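So the chains spell out like this:
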Amino acid sequence: MSVRIFVPRDSSAVSVGADAVAKAIADEATRRAIPVAVVRNGSRGMLWLEPLVEVETPAGRVGYGPVTVADIPQLFDAGFHRGAPHALCIGPVDDYPWLAKQERLCFARAGVTDPLSWNEYVAHGGSRGLRAALAMTGVDAVAAVTESGLRGRGGAAFPTGIKWKTVLDTAADQKYVVCNADEGDSGTFSDRMVMEDDPFVLIEGMTIAGIATGATIGYIYLRSEYPYAERALMAAIETARSVGVLGDDVLGSGRRFELHVRRGAGAYICGEETSLLESLEGKRGMVRFKPPVPAISGLFGKPTVLNNVITFASIPIIFDRGAAFYRDYGRGRSRGTLPIQLAGNIRQGGLVEKAFGVTLNELLYDFGGGSASGRPIRTVQVGGPLGAYIPESQFDVPLDYEAYASIGAMVGHGGIVVFDDTVDMARMARYAMEFCAIESCGKCTPCRIGSTRGVETIDRIIEGRERGAQLAILEDLCNTMLSGSLCALGGMTPFPVLSALKHFPQDFGLGPDGLAAAA
Amino acid sequence: MQETQLQRVQEAVARCRDLPGALLPMLHAIQDDLGYVPPEAVPTIAKALALSRAEVHGVISFYHHFRSAPPGRHVIQVCRAEACQSMGAERLVARLRERLGIDFHGTTPDGAVSLEAVYCLGNCACAPAVMVDGALRGRVTEAVLDEIVAAAALDDENDGVAGGAR
Ligand SMILES: Cc1cc2nc3c(=O)[nH]c(=O)nc-3n(C[C@H](O)[C@H](O)[C@H](O)COP(=O)(O)O)c2cc1C
Ligand code: SF4
Ligand code: FES
């Protein structure tokens, strides 16, 4: 019997050499006449260990990482194909504390299975949610989503059940399900990982949405920066059609659901739902006025369920295990789990799925192991480029929607970008304005013009020209953007800017009281 | 635009014109094939979709992804977003500018390399990240970058622009 050795096909793993490692293992095994079957699994999300190679042994899967091609002969010498010790060995992967401490609902299969194997998907609990949903009425299915307490994971945290109910209750000859896979926030990659490492869970979640609300056509709007995810999705959708999950007769129910992938084109604003719909319709991604909400008048003017990848990927387990099972995770009005992404200057970066309520201290030090550079962590940005910079004094605030809102921060899509003490916060504030200027759809003046003025004003503050007056202008600008923008790009860019200014005034050449003392 | 290019544009147009919201898939099909969307293709696209040329042009120019001029034989996309910045992406940018003698949106005079900025490649835990001809690279050091540039400069046989399309 040949030994099964797993090397991830996830693009992060590939980006640090997984393809070459997979080939080197196969070649070396042939040379030594050791029967080996190399399986390309998904990633476990322990991205600092990638390429993380796992060997199947009678005592479970044993991990080695990060493995380079140069390590392969040595690994065979040491007997890694029998799970033997080696400097790179992390022991049984399932017991590895970083993983064992997590609560993986959405990401239960990621890294365990071959992402493109439908049989493995089913063997690990896949498709049970859809079967349960097919046995329910639309009203009951939507009620289950509401009871689960699930809120949208794309950023706005709107209750998913309410959205679905609106679509269900709106009569129309055609309804759509649209998945927002535009994942534009820096520091986020959980959507990408779902699509590459367990794509069937997204397909299943979207199909349930269609079945529950009466929508028969789905689109995944995928950002153009994710070619690996696109290939994985195309292959998975093809398989889903061939096994009868998608098509005219979903799992023999007589119900119809078809799914298509549409590629975005490098515009951050197309992550905003109405801009995304414009783009799907073949137009410039200009933000629409609301109302009407997409649930009533969405794609091509039809009722549309529009959710984030993680929202859809959370659906199958809710139907498989029941709404109460899911709701029992979390705290307050933040129910369930959140796939958190530890990124940037962090030693042990990757995907941490935990119930709401975990703190930055736990994430940054217990999971993250401190900064990658070994220097003190100075600040983190949570929730993408529109999220506030959080100082160390707030690292103990529990991560949930309400607790974060109360400190002027945002959970967003759960991305955490870590900076060490070499970061220059005036430059980061400047970047926030610059990014807004680059990505603005151009509809509102405060966003389009204000962001460019913001860059110029911060430049003057950095240079020390009339600091006091420029500061007043900057705060004024931020207030105008906050109140005069149609969407959160213009409306929330002030958050990173003002939080940087508030918590790190010295970087702007100011005294600790925020006054232009040094000017 | 050469004769063969026009033919390929027409093929892409024929393949996509009946899709709902056909314009983006059509532009992608053309750029995937030719490496860019030739301005001469705009009238053909506009006619097929019953749009004005200005409307088609407006869409092409709205999206950062679409190019109106052919790229170099190799395209290096550097992530400039926050997570990569926290790991020294700007040092990589400076290095590339110096090595290639061009800035973003530029192509080296020999047509070998184009330099583009991107804002997150979803590889933020293995930052800094770059994408070379559609292949993702992580934990990129200045030394790795030098190798990438050297490989791109050497590999001159490949004259198909499609290699750098994505
Ligand atoms: C500027 C901007 C960018 C956004 N980008 C994304 C994105 O990349 N992915 C996403 O799911 N939601 C994004 N959103 C939120 C969407 O507008 C929308 O709320 C979400 O997709 C709804 O799905 P959910 O309820 O499942 O979260 C963005 C919003 C704004 C204002
Ligand atoms: S705030 Fe900016 S991105 Fe949003 S609608 Fe207005 S101009 Fe467009
Ligand atoms: S910020 Fe560079 S890959 Fe995400």
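Parameters at a glance
Per chain, the residues get numbers from 1 upward, laid out in the order the sequence is written. Labels follow written order: the first chain is A, the first ligand is 1, and so on. Where local features are concerned, this predicted model is filtered to residues with pLDDT of at least 70; where side-chain atom pairs are given and counted, the filter is 80 or more; whole-chain, interface and lining totals use all residues. Hydrogens are left out, water is left out, and the side-chain values use all remaining heavy atoms of the structure. Per the convention used, a helix needs a DSSP run of H or I reaching at least four residues, while a strand needs a run of E reaching at least two, with both numbered from the N terminus. When accessible area is computed with a 1.4 Å probe and restricted to protein chains, residues below 20% of their type maximum are described as buried, those above 50% as exposed, and intermediate ones as partly exposed. Any residue with at least one heavy atom within 4 Å of a molecule or strand is counted as near it. Here a cavity means grid points, on a 1 Å grid over the protein atoms only, where a 1.4 Å probe fits yet cannot get out; a pocket means an open set of points with protein on both sides within 12 Å along at least five of seven lines; lining residues are those with an atom within 4 Å of a point. For a molecule to be placed in a cavity or pocket, more than half of its atoms must lie within 2 Å of the grid points of that cavity or pocket. Each residue gets one label: Ala, Val, Leu, Ile, Met, Phe, Trp, Tyr, Cys and Pro are nonpolar, Asp, Glu, Lys and Arg are charged, and the others, such as Gly, are polar. Here a polar contact is recorded for every N or O atom pair within 3.5 Å, except that within protein the pair must consist of a potential hydrogen donor and a potential acceptor, and residues adjacent in sequence are included only if both atoms are side-chain atoms. Note that accessible areas follow from Shrake-Rupley with a 1.4 Å probe, and for residues the cover is restricted to the protein chains shown. For two strands to count as paired, DSSP must find a minimum of two bridges between them. Angles run from 0 to 180 degrees between N-to-C directions of axes, and those axes are lines fitted to C-alpha atoms, restricted for helices to the stretch in contact. Any pair of residues with heavy atoms lying within 4.5 Å of one another is described as a contacting pair. When two parts are brought into contact, each loses some accessible area as probed by a 1.4 Å sphere; the total of that loss over both is the buried area. Stacked, edge-to-face and tilted labels apply to pairs of Phe, Tyr and Trp rings (six-membered ring for Trp) whose centres lie within 6.5 Å, assigned for plane angles under 30 degrees, over 60, and everything in between, in that order. Here the term right-handed applies to a crossover when the path leading from its first strand over the helix to its second strand runs clockwise, the strands being oriented away from the viewer. Grid points are joined across faces, edges and corners, and a volume is the space filled by probe spheres set on the points. Note that the domain bounds reflect an automated or database-derived domain assignment. Any carboxyl oxygen of Asp or Glu within 4 Å of a side-chain nitrogen of Lys or Arg constitutes a salt bridge here. You can read pLDDT as the predictor saying how much it trusts each residue, on a scale of 0 to 100.

Comments concerning the environment of serine 253 of chain A
Residue and element names in this part refer to chain A.
- You can see serine 253 is positioned in the loop between helix H11 (227-242) and strand E8 (258-263).
- Accessibility expressed as a relative area gives 32% for serine 253, which makes it partly exposed.
- Distance in space between the C-alpha atoms of serine 253 and alanine 135 is 8.9 Å, their sequence separation being 118 residues.

Considerations on the site of ligand 2
Residues and elements named next belong to chain A.
- As a structural note, the neighbourhood of ligand 2 is formed by 13 residues, with Cys441, Lys443, Cys444, Cys447 and Cys487 the closest of them.
- With respect to the pocket detection grid, ligand 2 is positioned in the largest cavity.
- Broken down by class, the residue content of the shell around ligand 2 amounts to eight nonpolar, four polar and one charged.

Side note on the site of ligand 1
Residue and element names in this part refer to chain A.
- Ligand 1 sits among 20 residues. The nearest are Gly154, Asn180, Asn307, Asn308 and Thr311.
- With respect to ligand 1, the backbone of glycine 184 contributes an N or O atom lying 3.4 Å from an oxygen atom.
- The fraction of the free accessible surface of ligand 1 (610 Å²) that becomes covered by protein chains is 91%.
- Here ligand 1 occupies the largest pocket.
- Mapped by element, the contributors of at least two residues to the shell around ligand 1 are strand E9 (304-308) and helix H21 (488-492).
- Considering each element in turn, the shell around ligand 1 owes the most residues, three residues, to E9.
- The residue makeup of the shell around ligand 1, split by class, is six nonpolar, eight polar and six charged.

Remarks on the sheet that holds strand E16 (residues 415-420) of chain A
Residues and elements named next belong to chain A.
- Strands sit in the order E13-E12-E16-E14-E15 across an open sheet of five strands; the sheet is mixed. Unpaired on one side and paired on the other, strand E13 (350-355) and strand E15 (389-391) mark the two borders of the sheet. Strand-to-strand twist of the sheet, defined as the mean angle between neighbouring strand axes without regard to direction, takes the value 30 degrees.
- Judged from the four bridges that link them, strand E12 (residues 337-344) and E16 form a sheet pairing that is parallel. Paired with glycine 344 across the two strands is valine 418, which belongs to E16.
- Sitting on the sheet, helix H16 (residues 360-367) touches E12, E13, strand E14 (377-382), E15 and E16, and the angle it makes with E14 is about 120 degrees.

Concerning the interface of chain A and chain B
- Every contact between the two is made by 61 residues of chain A and, on the other side, 38 residues of chain B.
- Buried surface at the junction of chain A and chain B, both sides included, amounts to about 3,700 Å², of which 55% is carbon and sulfur.
- Linking chain A with chain B are 26 residue pairs in polar contact (both at pLDDT 80 or more).
- Every element with two or more residues in the side of chain A that touches chain B is listed here: helix H1 (11-15), strand E7 (217-222), H11, E8, helix H12 (273-280), E12, E16 and helix H18 (425-439) of chain A.
- Considering every element that reaches the side of chain A that touches chain B, the biggest residue donor is H18 of chain A, with five residues.

Considering the packing of aromatic side chains
- With the rule as written, the count across this model stands at 17 aromatic pairs over all chains.
- Geometrically, the ring pair formed by tyrosine 389 of chain A and phenylalanine 419 of chain A is edge-to-face, given 5.8 Å between the ring centres and 65 degrees between the ring planes. In this pair, tyrosine 389 of chain A is assigned in strand E15 and phenylalanine 419 of chain A in strand E16, connecting sequence segments 30 residues apart. Phenylalanine 419 of chain A matches tyrosine 389 of chain A in its accessibility class, with the two residues each being buried.
- Taken together, the aromatic side chains of Tyr268, Tyr431 and Phe435 of chain A together with Tyr119 of chain B make up a single cluster linked through ring pairs.

Digging into the pairing of E7 of chain A
Residues and elements named next belong to chain A.
- Among the six residues that make up E7, six are buried, leaving the element largely enclosed by the rest of the structure.
- The alternating pattern of E7 places Ile217, Tyr219 and Tyr221 on one face and Gly218, Ile220 and Leu222 on the opposite face, and all of these are buried.
- Pairing geometry for E7 and E8, over six bridges, is parallel. Note on E8: the bridge partner recorded for tyrosine 219 is histidine 260.
- Remark: the E7/H11/E8 crossover connection has right-handed handedness.

Concerning empty space enclosed by the protein
Residue and element names in this part refer to chain A.
- The full count for this structure, using the stated rule, is three cavities of 30 Å³ or more.
- Reported here for the largest cavity is a volume of approximately 80 Å³.
- If you trace the largest cavity, you find 13 residues lining it, with Val287, Cys441, Cys444, Cys447 and Cys487 closest to the centre.
- Within the lining of the largest cavity, the residues separate by chemical class into eight nonpolar, four polar and one charged.

A word on unusual backbone geometry
- Omega for the bond connecting glutamate 50 of chain A with proline 51 of chain A falls within 30 degrees of zero, at -5 degrees, which places this linkage in the cis form.
- With respect to the helices and strands, proline 51 of chain A occurs in the loop between strand E2 (36-39) and strand E3 (53-57).
- Of note, the amide linkage connecting glycine 65 of chain A to proline 66 of chain A takes the cis form, showing an omega dihedral of -10 degrees.
- Structurally, the position occupied by proline 66 of chain A is in the loop between strand E4 (60-64) and helix H3 (72-78).
- At alanine 50 of chain B, a position not held by glycine, the phi torsion is positive, near 55 degrees.
- With respect to the secondary-structure elements, alanine 50 of chain B resides in the loop between helix H3 (42-49) and helix H4 (53-62).
- Phi at aspartate 133 of chain B is positive, roughly 50 degrees, even though this residue is not glycine.
- Its place among the elements puts aspartate 133 of chain B in the loop between strand E3 (130-132) and strand E4 (135-137).

Some remarks on the domain arrangement of chain B
- For chain B, the assigned domains are domain 1 (3-62) and domain 2 (74-164).
- Placing a centre on the C-alpha atoms of domain 1 of chain B and another on those of domain 2 of chain B gives a separation of 28 Å.

Comments concerning helix H22 (residues 494-503) of chain A
- Those residues of H22 of chain A lying buried are Pro494, Pro496, Val497, Ser499, Ala500 and Leu501 of chain A.
- The inward-facing, buried residues of H22 of chain A contact E14, E15, H18, helix H19 (445-463), helix H20 (467-484) and H21 of chain A.

Observations concerning the pattern of salt bridges
- Under the criterion given, the structure shown has 41 salt bridges over all chains.
- For the salt bridge of arginine 99 of chain B with aspartate 146 of chain B, the shortest nitrogen-to-oxygen distance reads 3.4 Å. With arginine 99 of chain B in helix H6 (residues 89-100) and aspartate 146 of chain B in helix H7 (residues 142-154), the pair connects residues that are 47 residues apart, well separated along the chain.
- Using a relative accessible area of 44% as the deciding quantity, one classes arginine 99 of chain B as partly exposed.
- Each member of the salt-bridge network shares a partner with another, and the members are Glu28, Arg31, Arg32 and Asp77 of chain A.

Some remarks on the pairing of strand E6 (residues 176-181) of chain A
Residue and element names in this part refer to chain A.
- Here E6 lies mainly inside the structure; six of its six residues are buried.
- Along E6, one buried face is formed by Tyr176, Val178 and Asn180 and the opposite face, lined by Val177, Cys179 and Ala181, is buried too.
- Bridge analysis of E6 against E7 gives six bridges, and the strand direction is parallel. Bridged to valine 178 within E7 is tyrosine 219.

Digging into the confidence of the model for chain B
- Confidence in the prediction for chain B averages 93 pLDDT; 93% of positions are at 70 or higher.
- For this predicted complex, the interface confidence score (ipTM) comes to 0.96, while the overall pTM stands at 0.97.

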